[in-house]
Amino acid sequence: MKVFPFSLPGVIYLGTDSLAKLSAEVEKMGANKVFLITDKGLMDARVAQKVEDCLADNGVEITVYSEVEREPSVENVERAANELKKGDYDLVIGLGGGSPLDVAKGSAVLANNEGSILDYVGVELIPKPGLPLVLIPTTAGTGAEVTKNAIFTDVKAQLKKGVVSEYLLPRVAIVDPKLTVSVPAKITAATGMDALTHAIESYTSLKATIQTDLYALEAIKLISGSLRRVVADGSDLEAREKMAAGSMFAGISLANAGVGAVHALAYPLGGQFGVSHGVANALLLPYVMEFNVIGDLEKFKNVAVAMGQVVTGKSDREAAFMALTAVQELSKDIGIPQSLKEVEVPKEALEKLSLAAIDVKRLLNNNPRQVELDDIRKIYQAAY
Ligand SMILES: NC(=O)c1ccc[n+]([C@@H]2O[C@H](COP(=O)([O-])OP(=O)(O)OC[C@H]3O[C@@H](n4cnc5c(N)ncnc54)[C@H](O)[C@@H]3O)[C@@H](O)[C@H]2O)c1
Ligand SMILES: [Fe+2]
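Summary of the structure given here. (Residues numbered from 1 in each chain as written. Chains lettered and ligands numbered in written order. Predicted model: local features only at pLDDT ≥ 70, side-chain atom pairs only at ≥ 80, totals over all residues. Heavy atoms only, no water.)

### Comments concerning the overall build of the protein
This is how the line gets drawn: Strands here are runs of E lasting at least two residues and helices are runs of H or I lasting at least four, both read from the DSSP assignment and numbered beginning at the N terminus. For the radius of gyration, the atoms used are the C-alpha atoms, and the globule rule reads 2.2 Å times the number of residues raised to 0.38. Buried residues are those whose accessible area, probed at 1.4 Å on protein chains only, stays under 20% of the maximum for their type, while exposed residues exceed 50% and partly exposed ones sit between those limits. Throughout, a residue-residue contact means that at least one pair of heavy atoms, one from each residue, lies within 4.5 Å. Per-residue accessibility takes into account occlusion by the displayed protein chains alone, with areas from the Shrake-Rupley method and a 1.4 Å probe. In this count, Lys and Arg are taken as positive residues and Asp and Glu as negative ones, while His and the chain termini are left out. A charge is said to be at NZ when it belongs to Lys, at CZ for Arg, at CG for Asp and at CD for Glu.
Helix and strand content of the protein: 15 helices and nine strands. Here the C-alpha radius of gyration of the protein, 20 Å, is about what a compact globule of 384 residues would show, namely 21 Å. C-alpha atoms of the protein, sized along the principal axes, occupy 60 × 45 × 45 Å. When burial is assessed residue by residue, the protein has 58% of its 384 residues classed as buried. A separation threshold of at least 6 residues defines the contact pool for the protein, and within that pool the share at least 24 residues apart is 77%. For the protein, the computed accessible surface area is about 15400 Å², with 51% contributed by carbon and sulfur atoms. Charge centroids of the protein, computed over 39 positive and 48 negative side chains, lie 3 Å from each other.

This is the structure:
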């Protein structure tokens, strides 16, 4: 067996009302001045207030930074880091979907490292650890609370860029499904499909291991079995619990096995046309799976089974293609846009998108089937 690394946050709390663990963890860290990074949506939904209430008896001073944009830009993380550097904070808490969590991760390392976040785009380029970090997700989607990645939009280059470093892992991750109950149905659908994409892409990644497979397959089961329910009824706490666990498991798998062509082709859609990360992935997932399926029939067959397809009596090939059908049906049922045209991408843009996607080698190298520029062109065409 090959040797493989496997990294996780210091501790992960998963479960309803796990937010109550925050106070003791903050005390253990001996923090006095906390910088809480979140966004306007979480302020309006009064989720940020819940975190402040939890720390009311800790005697800590909390500064709330709520200027995080959706799909945050390089400038956005640098503005947050500049605010952070103004005070002698000893703990950063990130609260929100992937956007605030990534800004919290980026700011915490910029507090202890010189230069721009762009200097650290790539793998393990950050010289020094950042400030201690606690991450609290409020969407069941990105899994950013357990990954060593942070993604920022480079507005000038019209690209989403990834910073990958052990120093982006938090000391503590708190995954409390109750915090996701207020997510609107459309965002629940898109973020849930992002999580499913993480699970399927990391399960079929060339870097997958027996350890990541455990998390990925369980994530596929949990997400595909509960995503329709949370979109239909956001207050269904049992289904929210399954989604929260599924997205976190998918994050663990993605952090250690990587993702592939779906994410590589989704990044330019976000960078050039502002298509949200979840929608971009959901839209491309069936088309990339159709291309990838011959790369690993057995694994795609397992995806079909994990998604509830009955494969008895089917050939491996037939069973593997059933994974695609299952994804398409789920995506349609929860109202995800089904074509690039629907999200207002002009047809003339496909060539520029293809040229940008072929450059995302960090992810394309994990893909179970080799991808050439012409393949990317065909996938975007098919998804149009
Ligand atoms: N670091 C990683 O490992 C990783 C992985 C995948 C994606 N990402 C990045 O994450 C970002 C997307 O994150 P996202 O999909 O979670 O969306 P998001 O963080 O942009 O949030 C989307 C919207 O949902 C609202 N929202 C979030 N939680 C809410 C709640 N509980 N109640 C009411 N409203 C709520 C927010 O206010 C926001 O308006 C992208 O930039 C993507 O590239 C990062
Ligand atoms: Fe993602």
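### Some points on the site of ligand 1
Here is the rule we go by: Working definition: residue near molecule or strand if any one of its non-hydrogen atoms lies within 4 Å of it. Under this definition, polar contacts are N or O atom pairs within 3.5 Å; protein pairs additionally need one hydrogen-donor-capable and one acceptor-capable atom, and for neighbouring residues in sequence, both atoms have to be side-chain atoms.
Neighbouring ligand 1 are 29 residues; G98, S99, D102, T138 and T147 lie closest to it. Between an oxygen atom of ligand 1 and a side-chain N or O atom of S99, the distance comes to 2.6 Å. Here a nitrogen atom of ligand 1 and a side-chain polar atom of S182 are 2.8 Å apart. Look at ligand 1: alone it shows 880 Å² of surface, and the protein chains cover 94% of it. For the shell around ligand 1, the secondary structure elements donating two or more residues are α2 (40-44), α5 (98-110), β7 (149-154) and α6 (185-203). Counting residues per element, the shell around ligand 1 draws most heavily on α5, which supplies five residues.

### Focus: the nonpolar core
Applied cut-off: Only buried residues count toward a nonpolar core. Its members are Ala, Val, Leu, Ile, Met, Phe, Trp, Tyr and Cys residues joined through side-chain atoms within 4.5 Å. Throughout the structure description, domain borders are defined by an automatic or database domain assignment.
Ranked by internal contacts, the top residues of the largest apolar core, which has 79 residues, are M193, L196 and I200. When residues of this core are assigned to domains, at least three fall in each of domain 1 (11-180) and domain 2 (185-383). Counting residues in hydrophobic clusters, the runner-up holds 28 residues, among them A80, L101, L110 and L133.

### Observations regarding the pairing of strand β6 (residues 133-137)
As a reminder of what qualifies: A pair of strands is treated as paired once DSSP finds two or more bridges between them.
The element β6 is extensively covered by neighbouring structure, given that five of its five residues are classed as buried. The side-chain alternation of β6 yields two buried faces, one formed by L133, L135 and P137 and the other by V134 and I136. Relative to β6, strand β4 (residues 91-96) is paired through five bridges, and the arrangement is parallel. Residue G96 lies in a different strand from β6, and its bridge partner there is P137.

### Section: the pattern of salt bridges
Cut-off, in case you're wondering: Any carboxyl oxygen of Asp or Glu within 4 Å of a side-chain nitrogen of Lys or Arg constitutes a salt bridge here.
The full count for this structure, using the stated rule, is 17 salt bridges. Residue K148 pairs with E166 through a salt bridge whose shortest N-O separation is 3.7 Å. Taken as a pair, K148 in the loop between β6 and β7 and E166 in the loop between β8 (159-164) and β9 (172-175) lie far apart in primary sequence, 18 residues in all. Given the relative accessible area of 14%, K148 is considered buried. Among the ionic pairs, D316 bridges to K301, the shortest N-O distance being 3.1 Å. In this pair, D316 is assigned in helix α12 (residues 316-333) and K301 in helix α11 (residues 297-306), connecting sequence segments 15 residues apart. By sharing partners, the salt bridges in this structure join R229, D236, E238 and K242 into a single network.

### Comments concerning the environment of E218
Inspection of the secondary structure assignment puts E218 in helix α7 (residues 210-232). E218 sits in the partly exposed class, given a relative accessible area of 33%.

### Observations concerning the sheet that holds strand β1 (residues 11-14)
Pairing between sheet strands relies on hydrogen bonds along the backbone, with the strands arranged either parallel or antiparallel. Note the following rule: Lines fitted to C-alpha atoms define the axes, with helix axes restricted to the stretch in contact, and inter-axis angles between N-to-C directions lie between 0 and 180 degrees.
With parallel pairing, the six strands of this open sheet are ordered in space as β1-β9-β6-β4-β2-β3. Each edge of the sheet is formed by a strand with only one pairing partner; in this case those strands are β1 and β3 (61-65). The average undirected angle you get between the axes of adjacent strands in this sheet is 15 degrees. Running at roughly 160 degrees to β3, helix α4 (residues 74-86) makes contact with β2 (33-37), β3 and β4 of the sheet.

### Structural notes on the coordination of the iron ion (ligand 2)
Defined as follows: Only nitrogen, oxygen and sulfur atoms within 2.8 Å of the metal, or 3.2 Å for Na, K and Ca, are treated as donors, and water is left out, so sites may look incomplete. Geometry is assigned from the angles between donors: four donors with all angles from 85 to 135 degrees make a tetrahedral site, four or six donors whose opposite pairs exceed 155 degrees while the rest stay between 65 and 115 make square planar or octahedral sites respectively, and everything else is labelled irregular.
Protein coordination of the iron ion (ligand 2) is provided by D194 (OD), H198 (NE2), H263 (NE2) and H277 (NE2), with donor distances spanning 2.1 to 2.3 Å. Classification of the site at the iron ion (ligand 2) rests on its four donor atoms, whose angles at the metal span 81 to 164 degrees, yielding the label irregular.

### Here's the deal with the packing of aromatic side chains
As a reminder, the rule being used: Only centres within 6.5 Å qualify two rings of Phe, Tyr or Trp (six-membered ring in Trp) as a pair; their planes then separate them into stacked at under 30 degrees, edge-to-face at over 60, and tilted for everything else. Both a distance and an angle decide whether a charge sits over a ring: NZ of Lys or CZ of Arg must be within 6 Å of the ring centre and within 35 degrees of the ring normal.
A complete count under the given rule lists four aromatic pairs for this structure. Ring geometry for F6 and Y215: centres 5.9 Å apart, planes at 25 degrees, overall stacked. Linking F6 in the segment before β1 with Y215 in helix α7, this pair joins segments that are 209 residues apart in sequence. Accessibility expressed as a relative area gives 23% for F6, which makes it partly exposed. Relative accessible area serves as the criterion here: at 23%, Y215 is assigned to the partly exposed category. By way of ring pairs, the aromatic residues F6, Y215 and F249 are connected into one cluster. For K299, the ring lying beneath its charged end belongs to Y203, and the centroid distance is 4.3 Å. Cation over ring: R369 sits above F291, and NZ or CZ is 4.1 Å from the ring centre.

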